[in-house]
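Each chain, written out:
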Amino acid sequence: MRSLLHSRIFGLSAGCVFALSSVALICAVASADPGSNTETLGSATSATSGGLTVLFAAQPLLLMLLIIAGGMALGAIRIGGLTLGASGVLFSALLAGHLGHVHEWSLPEGLGKLGLVLFVYAVGLDAGPTFFRAFASQGKRLAILALVAGASAATAAFLFAWYTGLPPAMAAGIFAGSMTSTPALASAIESSETLNLDSQVASIGYGLAYPIGVVVTLLFVQVLPRLLRIDLEKLAGQLKAESKRSNGIGRHLIEIANANVFGKRLHDIEVLDQTQGQITRVLEGDRLVPIRSDHVLEEGQVVMLVANAKTAQTLTLILGRKSHVTPVIDADRDRMEIVITAPSLVGKTLRQLHLRTAHGITISRIERYGVRFVPSAETPLAMADRVTAIGPPDGLAHFLALAGHRTRKLHETDLMSLAVGLSLGVLLGMIPINLPGIGSLALGLAGGPLLAGLLFGHFGRFMGVVGYMPLAARMFTQQLGLAFFLADAGFAAGGVFMETLQAHGPWPFLMALVVGLAPLAATYAVARFLLQMNLLEILGGTCGAMTSTAGLGAITSKTDSDVPVINYAAAYPIALVLMTILARVLVMVIV
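Residues numbered from 1 in each chain as written. Predicted model: local features only at pLDDT ≥ 70, side-chain atom pairs only at ≥ 80, totals over all residues. Heavy atoms only, no water.

1. Describing helix H11 (residues 309-319)
At step 1: Listed as buried for H11 are Thr311, Ala312, Leu315, Thr316 and Leu319. Buried residues of H11, viewed axially, fall in a sector of 135°; they line one side. Relative to its buried face, H11 has exposed residues pointing more than 90 degrees away, namely Lys310, Gln313 and Leu317.
At step 2: Elements that come into contact with the buried residues of H11 comprise strand S1 (249-256), helix H10 (270-274), strand S2 (278-284), strand S4 (302-308) and strand S5 (320-322).
At step 3: Looking at where H11 begins, the residue whose side-chain oxygen comes 3.3 Å from the main-chain nitrogen of Lys310 is Asn308. (Buried < 20%, exposed > 50% of the residue type's maximum accessible area, 1.4 Å probe, protein only. Helix = DSSP H or I, 4+ residues; strand = E, 2+ residues; numbered from the N terminus. Arc of directions from axis to C-beta. Contact = heavy atoms within 4.5 Å. Polar contact = N/O pair within 3.5 Å; in protein donor to acceptor, adjacent residues only side chain to side chain.)

Pasting the structure below:
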């Protein structure tokens, strides 16, 4: 216990020292006169500061790395149980952007956009395996959340702009920034130019409101669980246990008693191909042996079904009745876990492979991206799928050779597939979507790569490209992308902070705060009391409704549950379209 305490104190101290050192270095550099010559400065400190000022101006990459390093150290500091995490980069970037404005510092061009693309693509890969099923069952609730968030934020923005007299373009920009929606900013700029308004103030409003929107959302997702005294990890465990009880995969013995299936083979029963349940064994004597492709069902036979409880109940009624025999299973000889690494199998469905006919084996389970499920005949195999195969030893050996089973493949990242996946995401984000009365909009760099990641995560192989990425690589990509993105956004906002404050006073900042808080309060109230959502669903859905990638990053750093990610990914596209429409409407109405 003492060593743990010492390690925590040391970690906290090291984080504080590193964060303060980075901040002090940037401040010291910024305090130097940008026009002074290092040879004429009166002290070594001034000379060093002046030299570093020139160095930062000449090497934007070095400045960005220092911002990220200082921000991550700042984010590691724990105060009252709260940490900023990767969002600490935003604050160090704001400081650097403000101090470096007079020195004409800059960050590498395009790294912020690259970071955004990397982050949302990795998020899509994480959510893909369960997203579409969750969207089908929860899409209506999440659409309501997106509508509530957008309507409450737009109403707050309109009332505040009407009361203070802020320019319409700035009000729309503040709305877009508070909701962290870049497509909404583009819509505000386009609307302003159409009405011959100053569109630059929309960008300024977005730049000063964006960090406020990020910070408000970050505080919301970190403070709310503490106020409610809910442990997110404990809640995730409870939800997982409940899901396992209702949807968990199990073995079920069925006695064939329906005359309609007598004399039929498994492939003759159409419902077996359409449901996610697999009959893997048949009782011979006192032993359950792997079922053959030519096996004919007869009255009184006992077969084993692998499925969840709901599917098992349905198929039991179709085939006969539940059996209560106690058979013997030789799982050591006729069951094997096999990893799919052969490109020839990737993308092919179980029906196309004819595994039971060719090798006498049945695939009873598939584990993909940490999610285990029972396949149907139309389920395609994906790279790095871990399948449970049931069959005779010689058939298992043949399938093992066919599948590849290179376990090292689980830890390898295909850079070509990553590059193609990211490229596809960027292209999807560029496709214009024409809405009557609104105009053209696109998913952008935040929505396109997210959609591409969801598709690759769900299908495993899409348009001939394998989308698999190991867990460690996905986590690293998320963190690196988020750091690049926050550094770029914070640095840009820090440069216009003082100018905006002098031109309009505190009103834009107060408006950003109000517009950011209003949807958080409204969505929480609706989600908890009307929609009866749990806290993980509320946090993920709220971040999606606010289009807050930074908020999602804060949640995923607190829990390994995929519930917030799934809800975020389901609410995000709805919110994206809605924010873009509302930004255009705001400019028109306030004028």
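2. Focus: the sheet that holds S4
At step 1: With mixed pairing, six strands are arranged side by side in an open sheet as S5-S1-S4-S2-S3-S6. The two strands at the open ends of the sheet, each matched to only one other strand, are S5 and strand S6 (328-329).
At step 2: Where H11 meets the sheet, it contacts S1, S2, S4 and S5, and its direction lies at approximately 150° from that of S4. (Pairing = 2+ DSSP bridges. Axes fitted to C-alpha atoms, helices over the stretch in contact; angles between N-to-C directions.)

3. Points about the pattern of salt bridges
At step 1: Counted according to the given criterion, the structure contains seven salt bridges.
At step 2: Here Arg292 and Glu284 are joined by a salt bridge, their closest N and O atoms 3.6 Å apart.
At step 3: For Arg292, a relative accessible area of 44% gives the class partly exposed.
At step 4: A salt bridge links Arg351 to Glu378; its shortest N-O distance comes to 2.5 Å. With Arg351 in helix H13 (residues 350-353) and Glu378 in the loop between strand S9 (371-373) and strand S10 (386-390), the pair connects residues that are 27 residues apart, well separated along the chain.
At step 5: Through salt bridges with shared partners, one network takes in Glu284, Arg292 and Asp294. (Salt bridge = Lys/Arg side-chain N within 4 Å of Asp/Glu carboxyl O.)

4. Concerning the packing of aromatic side chains
At step 1: If you walk through the whole model with that rule in mind, you get three aromatic pairs.
At step 2: Between Tyr121 and Phe456, the aromatic rings sit 6.4 Å apart at their centres with planes inclined by 70°, giving edge-to-face as the arrangement. Of this pair, Tyr121 sits in helix H5 (residues 111-164) while Phe456 sits in helix H17 (residues 444-459), placing them 335 residues apart in sequence. Residue Tyr121 shares its accessibility class with Phe456, and that shared class is buried.
At step 3: Taken together, a centroid distance of 6.4 Å and an interplanar angle of 80° make the contact between Tyr524 and Phe529 edge-to-face.
At step 4: A relative accessible area of 14% places Tyr524 in the buried class.
At step 5: For Phe529, a relative accessible area of 58% translates into the label exposed. (Phe/Tyr/Trp six-rings, centres within 6.5 Å; stacked < 30°, edge-to-face > 60°.)

5. A closer look at helix H16 (residues 415-430)
At step 1: For H16, built from 16 residues, the straight-helix expectation of 22 Å at 1.5 Å per residue is met to within 8% by its first-to-last C-alpha distance of 23 Å.
At step 2: Ser417, Leu418, Gly421, Leu422, Leu424, Gly425, Leu428 and Gly429 are the residues of H16 that are buried. For H16, the angular spread of the buried residues around the axis is 160°, confining them to a single face. More than 90 degrees from the buried face of H16, the exposed residues found are Leu415, Met416, Leu427 and Met430. (Expected span 1.5 Å × (residues − 1).)

6. Let's talk about a nonpolar patch on the surface
At step 1: There is a patch of nonpolar side chains on the surface, built from Phe158, Leu159, Trp162, Tyr163, Leu195, Trp507, Leu510, Val585, Met588 and Val589 and spanning about 1,000 Å² of accessible area.
At step 2: When residues of the nonpolar patch are traced back to their parent elements, those giving at least two are H5, helix H20 (507-530) and helix H23 (563-590).
At step 3: With four residues, H5 is the single largest residue contributor to the nonpolar patch.
At step 4: With respect to the helices, strands and loops of the structure, Tyr163 is situated in helix H5. (Patch = residues over 30% accessible without salt bridge, like charges linked within 9 Å, V, L, I, M, F, W, Y side chains within 5 Å. Areas by Shrake-Rupley, 256 points an atom, 1.4 Å probe, with all protein chains shown as cover.)

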